[in-house]
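If you want the building blocks of each chain, they are given just below.
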2 protein chains.
Amino acid sequence: MTVDSATSSPTTPTTSHDSALLEDFATLSAFGATAGGGVDRQAATPADGEQRAWLHQWLTARGAEVRYDGVGNQFGLFTVTPGAPYVLTGSHLDSQPLGGRYDGAYGVLASAHAAHRAVERCRTSDGTAPYNVAVVNWFNEEGCRFKPSMMGSAVFTGKLPARTALTTTDPAGTTVEAALREIGTIGDYAGPDVAAYAEIHIEQGRDLENKGISIGLVDSTWAARKYQVVVRGEQSHTGSTVMADRRDALFGASLLVVAVRELAEQSTDIPLHTSVSEMTIEPNSPVVVAREVRMHVDLRSPDEAFLDAAAKKLAESVPGIEERASVTVERVQTHGWGVAPFPAAGVELAAQVADELGLSHQTMMTIAGHDSVNMKDVAPSIMLFVPSIEGISHNEGEDTNDRDVCAGTDLLTEVVHRLMSGALDGAR
Amino acid sequence: MTVDSATSSPTTPTTSHDSALLEDFATLSAFGATAGGGVDRQAATPADGEQRAWLHQWLTARGAEVRYDGVGNQFGLFTVTPGAPYVLTGSHLDSQPLGGRYDGAYGVLASAHAAHRAVERCRTSDGTAPYNVAVVNWFNEEGCRFKPSMMGSAVFTGKLPARTALTTTDPAGTTVEAALREIGTIGDYAGPDVAAYAEIHIEQGRDLENKGISIGLVDSTWAARKYQVVVRGEQSHTGSTVMADRRDALFGASLLVVAVRELAEQSTDIPLHTSVSEMTIEPNSPVVVAREVRMHVDLRSPDEAFLDAAAKKLAESVPGIEERASVTVERVQTHGWGVAPFPAAGVELAAQVADELGLSHQTMMTIAGHDSVNMKDVAPSIMLFVPSIEGISHNEGEDTNDRDVCAGTDLLTEVVHRLMSGALDGAR
């Protein structure tokens, strides 16, 4: 006799809802699956198109109407009270190159299940609610193929002109508009009238896991500053050009990477995250001194004044770098957000539901940007976290226990159901 | 009445040979011409194919037989004494991306003119010579599209197996063999029996210009060490991953670029050129900590022991970098050469000819690698330099005065003619 290992696992799904969710998550994880156990489905690639088609079918099969707006945001509208606004819940299906299965995708799938369950619950009671519910799969949250990140929600919330987004090109010169037409998920829907917004995501850190807590209730965002930096030197021969004559853009860029890291190394009291993770080097030949390096600098802190001081310190290091490498450095802030609260009423609502479900919870800040960071400025918004194993993120090894996946979805379902009843009316 | 500006220029060609040379150089410079006044004709690209076809036609029209060996080296054989070995003269037509018009191409064209003139001179005297002369356009000297550099001459001189060269791929995965077949310049010729080799090139430095000297006579090479370095970290989220958990390959690579530069900054007595000019960053996304950076490190010095000491010092800096960035660094020497002399008899021969032509000259070392660095190991070889304006090289702004272009070709013509008479027989 064999024992079915699924029944003896500590992460065993215990309800048919759990089984359906995990089965769908396995199906979803196959789109753009990589050999390393992750996914590669960057925005508007064929893999993104396939998963969007799958979600379209999933939603339609459960009675939702699927519509696309002009920048590829995908909405699944469950209408119980025609003409009423919608509780919107979702995240994004696009991933980083060699990204993990959970980042974004978990939030979309949990939202689809939560919305469907909440609607079923309405239908089995009196069949009405003050608000409808809609699932959203925001376009291009990751910002790797097309920049900036959080593109779809930025357009939806009026922070980025649609025209700017549509004419943005990937490194091969393909526009967002052309890529969206290629996968056929662009439309003319203006988007629903939003009564409230809810999003669930993996933590992408190890705080919940370290403390053994099931749910993070996001009460505010870290501040972030993102810069486009161009280091300009001059092309010359790596062998014969005497060192004093070199204007080496890659040397200048490397000094800047080190200076960016030193900002964090020197911050002992207040957390500061600093990163350079992308460079475009011209001409990038082993025997030609680089004439130009373009790169992104990313600075984040829970303390906005401290972040600004760090940015100032970085700016002060530039003249020394320009002199040492005989280059010029141009720095433009392209994107950023402040320390901003999520509405306290939403945090309280989610905490109450978690208590009722027996889920341990804590409030926390989000360091990573999420579509909810845009949405909270236009609608009462709730942002929930489930634990990430070892905090691994933007990595094929990203993982979350099935138990946490299911518990988070249960929480989101109840939160969505209460939002449909107007639980956050008037809160911001 | 207008004055023809060409007749009043200080760089006026004064002979019909000069006019023909400069006209051909203008024609040649149009292949792969860039908006910035340079050329982009990397090895076995369509632009390389076009210039090879043009050279083929040029040589054939002047009585040479054009043949290709198995790795795309292009030979133009002027046979005055059937069965006798050949004096070989040439350089390379391929360029860096956004490279200059002179690097390599000047040497091939000067060789073609010199060989043709030398043969004409034989024909107008008794019509014979102990040796024939052949022009060579070596395949892929630059080593940017396909690595390593000096590929064609390395295969010809037995330093690199032909099979290794042919199966080398460019970043798009195209092999050398496929690229050569695409442009149709691959054959089965074994290559000529070489009695002596001569090459002329722009200096790619400013020593001749600074001193107002017309000709550099290369008496030896700087030593060079080239390394492939792989820095390995781990992919994670640039925002949310706490700094202590990061294994940032781009930070590690940047520390290494700075350490490489510091080797040169700290060398005050003995010249040391150090460079990193190419990096491949994975995944190269603005919001993902880099998991891997592959890069080339290039160290050069006229003092081999000093170069080895610098390489040792670099190796000693690695553990500290690995610890600070939480990465691993793998370093493999891929290519290199020692301080090696060109035969003194060749330097003397060229000096004598320069004196007879009234051209000022000095002996000097070559810092850059050239095909002659390979050829000197298998045949008595002469390497000549003409000045580079401001020493600019591997840059669209690369330039040499017409007067120097013509004078160098005159010198090469006379040198080739004397080599055909056996002037270096027995020298190495």
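This one's a predicted model, so the numbers in the text were calculated from it and none came from an experiment.

Caption draft 1: Helix α7 (residues 176-183) of chain B, seen in detail. All names here are of chain B. Turning to α7, its buried residues number three or more, namely Val176, Ala179, Leu180 and Ile183. The buried residues of α7 occupy an angular sector of 100 degrees when the element is viewed end-on, so they sit on one face. Across from the buried face of α7, at angles greater than 90 degrees, the exposed residues are Arg181 and Glu182. In this structure, the buried side of α7 is in contact with α3 (46-61), α5 (151-156) and α6 (162-167).

Caption draft 2: The UniProt feature "binding site: Zn(2+) 2" (unreviewed entry) in chain A, seen in detail. UniProt feature "binding site: Zn(2+) 2" (unreviewed entry): in the numbering of this structure it lies at Asp103, Glu142 and His394 of chain A. Annotated residues spanning 292 residues; largest pairwise C-alpha distance 9.8 Å, indicating a single compact cluster. The residue aspartate 103 of chain A is located in the loop between β3 (86-91) and α4 (105-124) in this model. On the basis of relative accessibility, which here comes to 5%, the residue aspartate 103 of chain A falls in the buried class. Every residue in contact with aspartate 103 of chain A, bar those within four places of it in the chain, is listed here: His92, Asp94, Glu142, His201, Ile202, Gln204, Ser393, His394 and Glu398 of chain A. Within the structure, the side chain of aspartate 103 of chain A is placed 2.8 Å from the side chain of histidine 201 of chain A, a separation counted as a polar contact. Assignment of secondary structure puts glutamate 142 of chain A in the loop between β4 (132-137) and α5 (151-156). Residue contacts for glutamate 142 of chain A: discarding those within four places in its chain leaves His92, Asp94, Ser95, Gln96, Asp103, Ser149 and His394 of chain A together with Val287 of chain B.

Caption draft 3: Representation of the sheet that holds strand β5 (residues 194-202) of chain A within the structure. Residue and element names in this part refer to chain A. Ordered in space as β1-β2-β4-β3-β5-β15-β6-β14, the eight strands form an open sheet in which the pairing is mixed. The sheet is open, and its two borders are formed by β1 (65-68) and β14 (361-366), each paired with just one other strand. The mean angle between the axes of side-by-side strands here comes to 25 degrees, regardless of whether they run parallel or antiparallel. Bridge analysis of strand β6 (residues 215-221) against β14 gives six bridges, and the strand direction is parallel. Within the sheet, the bridge partner assigned to glycine 216 lies in β14 and is glutamine 362. Contacting β6, β14 and β15 (381-386), helix α11 (residues 344-357) crosses the sheet at an angle of about 175 degrees to β6. Strand contacts of helix α13 (residues 402-420): β3, β4, β5, β6 and β15, with the helix running at about 175 degrees to β5, the strand carrying the most contacts.

Caption draft 4: View of the interface of chain A and chain B. Facing 61 residues of chain A, the contacting portion of chain B comprises 61 residues. Of all residues in chain A, Met243, Arg261 and Ser277 of chain A give up the largest surface area on contact with chain B, accounting jointly for 13% of the area buried on that side. Taken together, chain A and chain B are joined by eight salt bridges. With a closest N to O distance of 3.5 Å, arginine 206 of chain A and aspartate 245 of chain B form a salt bridge. In this structure, the connection of chain A to chain B is made through 36 residue pairs in polar contact (both at pLDDT 80 or more). For the side of chain A that touches chain B, the secondary structure elements donating two or more residues are β8 (236-237), α9 (249-265), β9 (273-275), β10 (279-282), β11 (288-289) and β12 (292-301) of chain A. With 10 residues, the top contributor of residues to the side of chain A that touches chain B is α9 of chain A. Classifying every residue of the side of chain A that touches chain B gives 23 nonpolar, 22 polar and 16 charged.

Caption draft 5: Expanded view of the pattern of salt bridges. Residues and elements named next belong to chain A. Counted under the stated rule, the structure contains 56 salt bridges over all chains. Residue glutamate 120 pairs with arginine 123 through a salt bridge whose shortest N-O separation is 3.9 Å. Separated by three residues within a single helix, glutamate 120 and arginine 123 lie in helix α4, roughly one turn from each other. When its relative accessible area of 35% is taken as the criterion, glutamate 120 is described as partly exposed. For arginine 123, a relative accessible area of 42% corresponds to the partly exposed category.

Caption draft 6: Quick look at the sheet that holds strand β1 (residues 65-68) of chain B. All names here are of chain B. Ordered in space as β1-β2-β4-β3-β5-β15-β6-β14, the eight strands form an open sheet in which the pairing is mixed. Each of the sheet's edge strands pairs with one partner strand only, and the pair in question is β1 and β14 (361-366). Taking the axes of each pair of neighbouring strands and ignoring which way they run, one obtains an average angle of 25 degrees across the sheet. Against the sheet, helix α4 (residues 105-124) touches β2 (74-78), β3 (86-91), β4 (132-137), β5 (194-202) and β15 (381-386), its axis set at about 165 degrees to β4. Helix α11 (residues 344-357) rests against β6 (215-221), β14 and β15 of the sheet, and its axis sits at about 175 degrees to β6.

Caption draft 7: Inspection of the domain arrangement of chain A at higher detail. Residue and element names in this part refer to chain A. Structurally, chain A comprises domain 1 (13-222 + 339-420) and domain 2 (223-337). Facing 12 residues of domain 1, the contacting portion of domain 2 comprises 14 residues. Approximately 990 Å² of surface area, both sides summed, lies buried where domain 1 meets domain 2, with 64% of it carried by carbon and sulfur atoms. Contact with domain 2 buries surface across domain 1, with Lys147, Trp222 and Val339 losing the most and accounting together for 58% of the total. Remark: the boundary between domain 1 and domain 2 carries one salt bridge. Joining domain 1 to domain 2, the criterion identifies four residue pairs in polar contact (both at pLDDT 80 or more). Along the lines of polarity and charge, the residues of the side of domain 1 that touches domain 2 split into eight nonpolar, three polar and one charged.

Caption draft 8: Spatial organisation of the packing of aromatic side chains. All names here are of chain A. The full count for this structure, using the stated rule, is 14 aromatic pairs over all chains. Taking the centre distance of 5.5 Å and the plane angle of 80 degrees together, the rings of phenylalanine 75 and tyrosine 189 count as edge-to-face. In this pair, phenylalanine 75 sits in strand β2 (residues 74-78) while tyrosine 189 sits in the loop between α7 (176-183) and β5, placing the two residues 114 residues apart along the sequence. Here the aromatic cluster, defined as three or more aromatic residues joined through ring pairs, consists of Phe75, Trp138, Phe156, Tyr189 and Tyr197.

Caption draft 9: Up close: the environment of serine 95 of chain A. All names here are of chain A. Note that serine 95 resides in the loop between β3 and α4. Spatially, the C-alpha atoms of serine 95 and glutamate 203 are 16 Å apart, while their sequence positions differ by 108 residues. When sequence neighbours within four positions are dropped, the list of residues in contact with serine 95 reads Val39, Asp40, Arg41, Gln42, Glu142 and Cys144.

Caption draft 10: Local environment of the side chain of serine 372 of chain A. By secondary structure assignment, the location of serine 372 of chain A is in helix α12 (residues 371-375). In this structure, serine 372 of chain A is in contact with Tyr197, Glu199, Phe342 and Met383 of chain A, ignoring residues within four places of it in sequence.

Caption draft 11: Fine view of the relation of the copies chain A and chain B. Overlaying chain A on chain B yields an RMSD of 0.0 Å, the required transformation being a rotation through 180 degrees with an accompanying axial translation of 0.0 Å. Expressed as an axis order, the relation between the two copies is that of a two-fold axis. For chain A, the residue whose C-alpha comes nearest the rotation axis is serine 254 of chain A, separated from it by 2.2 Å. Mapped onto chain B, 100% of the interface residues of chain A again fall at the interface, so both copies present the same surface.

Caption draft 12: Expanded view of helix α13 (residues 402-420) of chain B. Residues and elements named next belong to chain B. The terminal C-alpha atoms of α13, which comprises 19 residues, lie 27 Å apart, in line with the 27 Å expected from a rise of 1.5 Å per residue. In terms of residue burial, α13 counts as a mostly covered element, since 16 of its 19 residues are buried. With its phi angle positive at about 90 degrees, glycine 422 sits one or two positions after the end of α13.

Caption draft 13: Focus on the UniProt feature "binding site: Zn(2+) 1" (unreviewed entry) in chain A. Residues and elements named next belong to chain A. As annotated by UniProt and renumbered to match this structure, "binding site: Zn(2+) 1" (unreviewed entry) occupies His92, Asp103 and His201. The largest pairwise C-alpha distance within this set of annotated residues, which runs over 110 residues, is 9.8 Å, so the set is compact in three dimensions. Inspection of the secondary structure assignment puts histidine 92 in the loop between β3 and α4. Residue contacts for histidine 92: discarding those within four places in its chain leaves Asp103, Gly104, Ala105, Val108, Asn137, Trp138, Glu141, Glu142, His201 and Asp371. A distance of 3.0 Å separates the side chain of histidine 92 from the backbone oxygen of aspartate 94, its partner in a polar contact.

Criteria and thresholds
Residues numbered from 1 in each chain as written. Chains lettered and ligands numbered in written order. Predicted model: local features only at pLDDT ≥ 70, side-chain atom pairs only at ≥ 80, totals over all residues. Heavy atoms only, no water. Buried < 20%, exposed > 50% of the residue type's maximum accessible area, 1.4 Å probe, protein only. Helix = DSSP H or I, 4+ residues; strand = E, 2+ residues; numbered from the N terminus. Arc of directions from axis to C-beta. Contact = heavy atoms within 4.5 Å. UniProt positions renumbered as here; feature names shortened; annotations may be inferred. Polar contact = N/O pair within 3.5 Å; in protein donor to acceptor, adjacent residues only side chain to side chain. Pairing = 2+ DSSP bridges. Axes fitted to C-alpha atoms, helices over the stretch in contact; angles between N-to-C directions. Buried area = accessible area lost by both parts, 1.4 Å probe. Salt bridge = Lys/Arg side-chain N within 4 Å of Asp/Glu carboxyl O. Nonpolar A, V, L, I, M, F, W, Y, C, P; charged D, E, K, R; others polar. Domains from an automatic or database assignment. Phe/Tyr/Trp six-rings, centres within 6.5 Å; stacked < 30°, edge-to-face > 60°. Least-squares fit on C-alpha atoms with pLDDT ≥ 70 in both. Expected span 1.5 Å × (residues − 1).

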